[in-house]
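Below are the chains, spelled out letter by letter.
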Amino acid sequence: MRRIELDGPDATRALGRALAAAVQGGICVLLRGDLGAGKTTLCQGFIEARTGIAYAPSPTFTLLQAYPGKLYHLDLYRLGTADLREFDMEEIMAPDAVLLVEWPERAEGDWPAERLDVGLSGQGGSRLATLEARGDAAASALARLWWPQ
Ligand SMILES: Nc1ncnc2c1ncn2[C@@H]1O[C@H](COP(=O)(O)OP(=O)(O)OP(=O)(O)O)[C@@H](O)[C@H]1O
Ligand SMILES: [Mg+2]
């Protein structure tokens, strides 16, 4: 497990960009943390680095946002509980796709074996990120993650 201190929103976005450079297709990034922990902020950095598109908040009832290059952002907050069978998992978890998930704990069903579990905690002016890989591809992605600490 890697622990990374994030001393403000810019650091959270920078971790998103660093993950975008390290993560290859077929990996699912699950983001856990309380309301306001910084999950979306991290996704912004990831999406902007990967696509060059400035992140825009999704319309209220859009749970799944697709970006060029088979990048998907799933935010399950608005659902009480979700059933993963509601989504086209073959598409969003194709071997060349990358899926970012906020509130993964709301979904029933199995997340892919290759995944990075990212936890965000803390309040006020900083956060602590914990990163844990499951699966060989995710472990190499985490080993490739460049972060100056
Ligand atoms: N490392 C950090 N230190 C301090 N504040 C941060 C940090 N990272 C993000 N924030 C701030 O925390 C607030 C909430 O961030 P964000 O919307 O990304 O949280 P979230 O986890 O997606 O929340 P939700 O559960 O509501 O979706 C924002 O104002 C953001 O700028
Ligand atoms: Mg969010």
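See above for the structure.
Bear in mind the structure is a predicted one, so any value in this text is a computation, not a measurement.

## A closer look at the site of ligand 1
The environment of ligand 1 is made up of 18 residues, and the closest members are T12, G36, K39, T40 and T41. T40 is positioned with one of its side-chain polar atoms (N or O) 2.8 Å from an oxygen atom of ligand 1. Within the side chain of R127, a nitrogen or oxygen atom sits 3.3 Å from an oxygen atom of ligand 1. Contact with the protein chains removes 74% of the 650 Å² of surface that ligand 1 exposes when unbound. Of all the secondary-structure elements, those providing two or more residues to the shell around ligand 1 are α1 (9–22) and α2 (39–51). Sorting elements by how many residues they give to the shell around ligand 1 places α2 first, with 3 residues. Among the residues forming the shell around ligand 1, the class breakdown is 5 nonpolar, 9 polar and 4 charged.

## What to know about the environment of K70
Its location among the elements puts K70 in the loop between β3 (64–67) and β4 (71–75). Residue classification places K70 among the partly exposed positions, given a relative accessible area of 39%. In sequence terms K70 and D96 are 26 residues apart; their C-alpha atoms lie 7.1 Å from each other. Beyond its immediate stretch of four places on either side in the chain, K70 contacts D96, A97 and V98. Here D96 takes part through its side chain, which lies 3.1 Å from a polar atom of the side chain of K70.

## Quick word on the packing of aromatic side chains
Counted under the stated rule, the structure contains 1 aromatic pair. With a centroid separation of 5.1 Å and an interplanar angle of 40°, the aromatic rings of Y77 and W103 are classed as tilted. Within this pair, whereas Y77 is found in the loop between β4 and β5 (82–83), its partner W103 is found in the loop between β6 (98–102) and β7 (107–108), the two being separated by 26 residues in sequence. Residue Y77 is classed as partly exposed on the basis of its relative accessible area, which comes to 36%. Assessed through its relative accessible area of 13%, W103 is described here as buried. Taking the ring centre of W103 as reference, the NZ or CZ of R106 above it sits at 4.9 Å.

So, how was this worked out
Residues numbered from 1 in each chain as written. Chains lettered and ligands numbered in written order. Predicted model: local features only at pLDDT ≥ 70, side-chain atom pairs only at ≥ 80, totals over all residues. Heavy atoms only, no water. Near = heavy atom within 4 Å. Polar contact = N/O pair within 3.5 Å; in protein donor to acceptor, adjacent residues only side chain to side chain. Areas by Shrake-Rupley, 256 points an atom, 1.4 Å probe, with all protein chains shown as cover. Helix = DSSP H or I, 4+ residues; strand = E, 2+ residues; numbered from the N terminus. Nonpolar A, V, L, I, M, F, W, Y, C, P; charged D, E, K, R; others polar. Buried < 20%, exposed > 50% of the residue type's maximum accessible area, 1.4 Å probe, protein only. Contact = heavy atoms within 4.5 Å. Phe/Tyr/Trp six-rings, centres within 6.5 Å; stacked < 30°, edge-to-face > 60°. Lys NZ or Arg CZ within 6 Å of the ring centre and 35° of its normal.

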